[in-house]
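Geometric and topological summary
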Amino acid sequence: MSAAIPTQGRPVRALPAGVPAIEAVDVSRTYELDGVSVSALRGVSLTIAPGEYAAVIGPSGSGKSTLMHLLGGLDRPTGGRLVIGGRDVATLGAPELAALRNETIGFVFQAFHLLPRTSAVDNVALPLVYRGIGARQRRERAAAMLGRVGLGHRLDHRPNQLSGGEQQRVAIARALVTDPAVLLADEPTGNLDTATGEAVLELLERLNAESGVALVMVTHDQEVAARARRRIAVRDGLIRSDTAHDRPLSDGSGGPATLDGAPSAEPRSVSGSGPGHPSGGSGGAAGATGRLPRQAPGGVA
Ligand SMILES: Nc1ncnc2c1ncn2[C@@H]1O[C@H](COP(=O)(O)OP(=O)(O)OP(=O)(O)O)[C@@H](O)[C@H]1O
Ligand SMILES: [Mg+2]
């Protein structure tokens, strides 16, 4: 059921020219648990450019969700430097980081994380409360965003009155209502059946193409990852490969491209051994198509 879902809408707000949406330099994250240190990330460098579409793949426990939480400012690194929307998170207090997150990042999770007793439109409007936007305008913007994800007829339904795919579309609308530069999606189709997941994936891809929001998506599905123009493989807390592709692998004609666009037989490994929660608005100045050129904007150390 891949019925087209309308997504017409305004482009995301532009970041200053040349500013990456997110830049991580030799970032690590160690959890302390009952006196034991768990090194979930061990020195990861990568850059997310405005408008790009990247898939993050890797085995369970390899650090994908930890990485997404860091990239989105839901968590802070224990080492390295993390710059979101041009601002070093180490220089920000908690309220400033929350405001930056609200301006720059949208999150979509596998388990939707909607407020259960709250209508679809009020769930979507929530990030706008933190912007100090008045109630009427919040509702108008939330309703318009729900229209863009094909749910203009479900504004007052609560989550338990919606299907799984509809709930995830509400979550996507909530993530995008603030016009973020980056949409971080952690296995967004993981709780959905194949057909519903495909529709959600198509919606995410169309929003990326139309609005220029950068899409960074964790997936266990190799076929899904093959559709992204960039694939970031994580293993044991490190990036093992970071490759850009002219065309999706699935069409059989596109292969990995090097930084200058020449075909390359090998994935480009960028930081394998190098030393190295929810949402908000602004944007990738990725142009009308939001299409990345062929360079992997990834953490070239
Ligand atoms: N809050 C925490 N405290 C302690 N250890 C943690 C915490 N969160 C994650 N970890 C550990 O960090 C490692 C990376 O976890 P993470 O959730 O990032 O993996 P993942 O790649 O997202 O896995 P999955 O594909 O199963 O979602 C795992 O070994 C995990 O047990
Ligand atoms: Mg995970």
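Residues numbered from 1 in each chain as written. Chains lettered and ligands numbered in written order. Predicted model: local features only at pLDDT ≥ 70, side-chain atom pairs only at ≥ 80, totals over all residues. Heavy atoms only, no water.

Concerning the site of ligand 1
This is how it is decided: Definition of nearness: a residue and a molecule or strand are near each other if at least one heavy atom of the residue lies within 4 Å of the molecule or strand. Under the rule applied, a polar contact is a pair of N or O atoms within 3.5 Å (in protein, one hydrogen donor and one hydrogen acceptor; residues adjacent in sequence only if both atoms are side-chain atoms). Numbering of helices and strands starts at the N terminus; helices are DSSP runs of H or I of at least 4 residues and strands are runs of E of at least 2.
Neighbouring residues of ligand 1: 14 residues in total, closest Ser60, Gly61, Lys64, Ser65 and Thr66. Gly63 is positioned with one of its backbone polar atoms (N or O) 3.0 Å from an oxygen atom of ligand 1. One of the side-chain nitrogen or oxygen atoms of Thr66 is found 2.6 Å away from an oxygen atom of ligand 1. Taken together, the elements giving at least two residues each to the shell around ligand 1 come down to β1 (22–33), β2 (36–48) and α1 (64–71). Among the elements that line the shell around ligand 1, the one with the most residues is α1, at three residues.

Brief notes about the sheet that holds strand β4 (residues 79–84)
To be explicit about the condition: When DSSP finds at least two bridges between two strands, those strands are taken to pair. Contacts are assigned to residue pairs with any non-hydrogen atoms lying within 4.5 Å of each other. To define axes, lines are fitted to C-alpha atoms, for helices over the stretch in contact only, and angles between the resulting N-to-C directions are given on a 0 to 180 degree scale.
Pairing in this open sheet of four strands is antiparallel, and the strands run β2-β1-β4-β5 from one edge to the other. What marks the edges here is a single partner per strand, and that holds for β2 and β5 (87–88). Contacts from α1 reach β1, β2 and β4 within the one sheet, and its direction differs from that of β2 by about 60 degrees.

Focus on the nonpolar core
Threshold: Residues belong to one nonpolar core when they are buried, are Ala, Val, Leu, Ile, Met, Phe, Trp, Tyr or Cys, and are joined through side-chain atoms within 4.5 Å. Accessible area is worked out with a 1.4 Å probe on protein chains only. A residue is then buried under 20% of its type maximum, exposed over 50%, and partly exposed in between.
Val124, Met145, Leu146, Val149, Val170, Ile172 and Leu183 are the most contacted members of the largest nonpolar core, which totals 41 residues. Residue assignment for this core shows that the elements contributing at least two residues are β3 (53–57), α3 (120–129), α4 (135–148), α5 (164–176), β7 (182–186), α6 (194–211), β8 (214–218) and α7 (222–225). For this core, the leading source of residues is α5, giving six residues. With 33 residues, the next largest nonpolar core counts Leu67, Leu82, Val89 and Val218 among its residues.

Some points on the pairing of β7
Most of β7 sits out of view: five of its five residues are buried. Every second residue of β7 is oriented toward a common face, with Val182, Leu184 and Asp186 on one face and Leu183 and Ala185 on the other, all of them buried. Here five bridges tie strand β6 (residues 105–109) to β7, and the two strands are oriented parallel to one another. The residue bridging Phe109 from the neighbouring strand is Asp186, located in β7. The pairing of β7 with β8 spans five bridges and is parallel. Bridge pairing in β8 places Leu184 opposite Val216.

What to know about the side chain of Ser28
Looking at the element boundaries, Ser28 is found in strand β1. Excluding its chain neighbours within four sequence positions, the residues that come into contact with Ser28 are Leu41, Arg42, Gly43, Pro77, Thr78 and Gly79.

Some words on the packing of aromatic side chains
Just so we agree on the cut-off: For Phe, Tyr and Trp, where Trp contributes only its six-membered ring, two rings pair if their centres lie within 6.5 Å, and the inter-plane angle classes them as stacked under 30 degrees, edge-to-face over 60, or tilted in between.
Counted by the stated rule, this structure contains one aromatic pair. Residues Phe107 and Phe109 carry aromatic rings whose centres are separated by 5.5 Å and whose planes lie at 5 degrees to one another, so their mutual orientation is stacked. An identical accessibility class is assigned to Phe107 and Phe109; each is buried.

Describing the pairing of strand β10 (residues 238–245)
Every regular strand shows the same layout, with side chains that alternate between the two sheet faces. β10 sits mainly inside the fold: seven of its eight residues count as buried. Direction of pairing for strand β9 (residues 230–235) relative to β10: antiparallel, over a ladder of six bridges. Paired with Val234 across the two strands is Ile239, which belongs to β10. What sits between the antiparallel neighbours β9 and β10 is a turn of two residues, in which Asp236 has the positive phi angle 50 degrees.

Quick notes on the packing of α3 against α4
For clarity, the threshold we go by: The cut-offs work like this: below 35 degrees is roughly parallel, past 145 is roughly antiparallel, 65 to 115 is roughly perpendicular, and the gaps in between are oblique. Crossings are classed by handedness, with left-handed meaning an anticlockwise turn of the near helix from the far one by less than a right angle and right-handed meaning a clockwise turn. Any residue that is not Ala, Val, Leu, Ile, Met, Phe, Trp, Tyr, Cys, Pro, Asp, Glu, Lys or Arg is counted as polar, Gly included; the first ten are nonpolar and the last four charged.
Look at α3 against α4: their axes get within 8 Å of each other, and the N-to-C directions meet at 120 degrees. Accordingly, the angle class assigned to the pair α3 and α4 is oblique. The hand of the α3/α4 crossing is right-handed. Residue-level inspection shows Ala120, Val121, Val124, Ala125, Leu128 and Val129 of α3 in contact with α4, the latter providing Arg138, Arg139, Arg141, Ala142, Ala143, Met145 and Leu146. A per-class count over the contact of α3 with α4 returns 10 nonpolar, no polar and three charged.

Looking at the packing of α3 against α5
At a minimum axis distance of 7 Å, the contact between α3 and α5 shows a crossing angle of 30 degrees. Taken together, the axis directions place α3 and α5 in an arrangement best described as roughly parallel. Regarding α3 and α5, the two cross each other, and that crossing is right-handed. Across the interface between the two elements, Ala120, Asn123, Val124 and Pro127 of α3 pack against Val170, Ala173 and Arg174 of α5.

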